Amino acid sequence: MSHTTTGTDPAQPPPEDDRAFFGQPRGLMTLSGLEVWERFSFLGMQAILVLYFADTVANGGLAMDPGTAASVSAAYGTLVYLVSVAGGWLADRILGSYRAVLYGGILIAFGHYAMAVPTATMTWVGLGLISAGTGLLKPNVASMVGKLYRTEDERRDAGFALYYMAINIGAFAGPLITGWLGDHAGWHWGFSAAAFGMTLGLIQYVLGRRHLAGRKHSAEFALAPGPMRRAVLMIVAGAVLVAVVATALALAGWLTMDRFVDVLTVISVIAPVVYFVVMFRSPRVSAEERGRLRPYVVLFLASVVFNFILFQAYSTMMLLASTNARTEIFGFHFPASWYASALGAFEVALAPVVAAVWARMGPRQPHASNKIAFGVILGGLSFLLMVLPTSGHADDSYKMAAWWIVGSYLLLGLGDVLLETSGMSATTKLAPKAFASQTMALWFLSLALANGIQAQIVKLYGEVSNPAYFGVNGAVAVVAGVAVIAAAPWLKRTMHPVH
C-alpha cells in the first residue's frame, strides 16, 4: 500500500507521519487509554472479588469457605476466556472490531454497576455481564492496535510495547483504588470504582474513534446477509435456551454452584482438544504446518501450567494475604488486596528491562521455547517461596512479613513478562495460515483451561496445609518448565521460523 494515503479514510492505517503519541499514531492513545481503564476495572474488581466471596455476611460478603471462594473466582475467569473465543468470531463475521469493543465495554460497565448494588443476585448478574463484555472487548482491542500500522511500519513493536505497558498500569492502579474502598467503605463501593473506571475508558474511546483505522466498517470477513440473519437468530435463540434451561435446573436444585463450576471446567478441557483436532485434521493445513503444530501443543500446555499459577495471584494468594500476611510496611497500613498491585508494578518495571536485555543479546538470546520454560519455572518458584513463611507454625494465627508476598509476585511478574511476550509471538508464527485469524482464540483457550483446572485444584485450599498446597503446585510447575527445557532440541528443530 502507498505510504501517501491520507488519514481520512478509516479503512486504512494512518500515514506514517502520524506520530502524535510518543512517536506513534494517535489511535494508539485511544486504545491504550481504553485498556488502562478496562484492566483497572477488571483486575481492580478481581483483586477484591475472592475476598468479598469469603467475607462474612455481617461485613457485606457472601460467607463462602476459602476453597469455594477461590473456585468460583476461577470459574469466572474460565467463563471470561471461553467467551473471548466467541468474541473474536463475532467481530470477524458480524459486528466488526470497533463495535465489538464498544458493545463489550458497555456490557462491562453495566456489569460493574450491577455489582455495586449490595445484593447477591446483582453480583451474579454483574459477573455475567462482565464475562460477556470482556469476551467481546479483550480479543479485539489488540487486533485494532495492529490495524494502526502498515505491515512494513517499523514502529509496530514499539507501539505494542506501549500498549502492554498501559495494560499493566491499569493492573497496578485498579487494586489500589478498589482495595482501599472495599476495605474502608465496603465491597460494593470497590465495585463502583471499577464501574466508574470502565465508564471513563468508554468515553475516551468514543471521543477518539476518528483516529481508529477501519472504524466505519462492519465485520472484516462479514457473513452474507442471509447467513448473518440466521447466525444472529441462532445466537439469540441459543442464549435464551441456555438461560431458560439453566434457570429451570437451578430451580430444580440440580444446577448448584459446584456443578456449574464443574461444567465450565469440562468445557475448558474439551474446547482446546476439539480445536487442535480440527486443525490437525483440516485439509487446509499443510504437512509442514502440521509439523509446527506439534511443538505448539507443548508450548500451549506450558502456558496452561504457568497461568494456573498466575491466576492464583488473585485467588489463593489474596486469601493468604488477607489472613496470614502483615498489611503494613514501615508503619504504613494497607488493604490486603493492595498486594495484587505489586504484580502490575513489577511487570511495568520489568518489561522494558527484559526487552533491553534481549535486544542487547541479539542472536545470542535464548530460544523462544526456553524463554517460555524460564517463565514457567519462575511461576513455580513463586509458589515454592511461600512454603518457607507458611511452615513450622502451631496454628493459622501467624503473620508473615509483607516481603514474602511481594517477593513471590516479583518472581511471578518476571515469569509473566518472559512467557506472555514469547508465547503470543510463537502463537502467531506457528498457527496454520488457514487459522491465522483465530490465533487469539488459541491463546485464550490456554487461559480458559488454566482457570478451569484452577477452579478444581483451589478447592483444596484450606483443606490441606498451606506448605503442602503451595509446595506441590509450585513443584509441578518447576518440573513442567524443566521438561520444556529438556525438549528444547526437538522444539528448536520443529518450531521454524520461531527463534
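From a predicted model like this one, the values you see are computed outputs, not experimental measurements. (Residues numbered from 1 in each chain as written. Predicted model: local features only at pLDDT ≥ 70, side-chain atom pairs only at ≥ 80, totals over all residues. Heavy atoms only, no water.)

Take the overall build of the chain next. Per the secondary structure count, the chain includes 17 helices and two strands. Split into buried and exposed, the 499 residues of the chain put 50% on the buried side. Counting only carbon and sulfur atoms, one obtains 69% of the accessible surface of the chain, whose full area is about 21,600 Å². (Helix = DSSP H or I, 4+ residues; strand = E, 2+ residues; numbered from the N terminus. Buried < 20%, exposed > 50% of the residue type's maximum accessible area, 1.4 Å probe, protein only. Areas by Shrake-Rupley, 256 points an atom, 1.4 Å probe, with all protein chains shown as cover.)

The terminal C-alpha atoms of helix H4 (residues 120–146), which comprises 27 residues, lie 40 Å apart, in line with the 39 Å expected from a rise of 1.5 Å per residue. The sharpest bend along H4 reaches about 30° and sits at Asn140. (Expected span 1.5 Å × (residues − 1). Bend = angle between axes of the 7 residues up to and from the residue.)

Once that is clear, we can look at the side chain of Asn168. Position of Asn168 among the secondary structure elements: in helix H5 (residues 156–184). Residue contacts for Asn168: discarding those within four places in its chain leaves Gly344, Glu347 and Val348. (Contact = heavy atoms within 4.5 Å.)

Time to look at the nonpolar core. Met45, Leu49, Tyr339, Ile405 and Tyr409 are the most contacted members of the largest nonpolar core, which totals 92 residues. What Tyr339 contacts, discounting residues up to four positions off in sequence, is Met318, Ala321, Ala325, Arg326, Phe334, Ala402, Ile405, Val406 and Tyr409. (Core = buried A, V, L, I, M, F, W, Y, C linked by side-chain atoms within 4.5 Å.)

All right, on to a nonpolar patch on the surface then. Together, Tyr103, Ile106, Phe110 and Tyr113 make up a nonpolar patch on the protein surface, roughly 380 Å² of accessible area in all. Here Phe110 is to be found in helix H3 (residues 97–115). For Phe110, a relative accessible area of 52% translates into the label exposed. (Patch = residues over 30% accessible without salt bridge, like charges linked within 9 Å, V, L, I, M, F, W, Y side chains within 5 Å. Salt bridge = Lys/Arg side-chain N within 4 Å of Asp/Glu carboxyl O.)

At a minimum axis separation of 8 Å, helix H1 (residues 26–54) and helix H6 (residues 187–207) run at an interaxial angle of 170°. Overall, the two elements H1 and H6 adopt an arrangement that is roughly antiparallel. For the pair H1 and H6, the crossing hand works out as left-handed. By residue class, the composition of the contact of H1 with H6 is 18 nonpolar, eight polar and one charged. (Axes fitted to C-alpha atoms, helices over the stretch in contact; angles between N-to-C directions. Parallel < 35°, antiparallel > 145°, perpendicular 65-115°, else oblique. Left-handed = near helix turned anticlockwise from the far one by under 90°. Nonpolar A, V, L, I, M, F, W, Y, C, P; charged D, E, K, R; others polar.)

This part is about the pattern of salt bridges. Proximity of charged atoms lets side chains of opposite charge pair with each other. Under the definition given, this model contains four salt bridges. Salt-bridge contacts for Arg39 lead to Glu38; the nearest nitrogen and oxygen are separated by 2.7 Å. Neither residue differs from the other here; Arg39 and Glu38 are each classed as buried. As a salt-bridge pair, Glu288 and Arg292 come within 3.2 Å of each other at their nearest N and O atoms. Highlighted residues: Glu288 and Arg292, both in helix H9 (residues 287–310), separated by four residues, approximately one helical turn. Among the residues examined, Glu288 registers a relative accessible area of 57% and is labelled exposed. The exposure class of Arg292 is buried, given its relative accessible area of 13%.

Our focus in this paragraph is the confidence of the model for the chain. Mean pLDDT over the chain works out to 84, with 89% of the residues at or above the 70 mark. The low-confidence segment residues 1–8 (pLDDT under 50) makes 13 contacts with residues lying over four places distant or belonging to another chain. (pLDDT = per-residue confidence, 0-100.)

Let's shift gears to the packing of helix H2 (residues 66–95) against H4. H4 packs onto H2 with a crossing angle of 45° between their chain directions and a minimal axis gap of 6 Å. What the angle tells us is that H2 and H4 run oblique. Crossing geometry of H2 relative to H4 is assigned as right-handed. Facing H2, whose interface residues are Val72, Tyr76, Leu79, Val80, Val83, Ser84, Gly87, Gly88, Leu90, Ala91 and Leu95, H4 presents Trp124, Leu127, Ile130, Ser131, Ala132, Thr134, Gly135, Leu136, Pro139 and Asn140.

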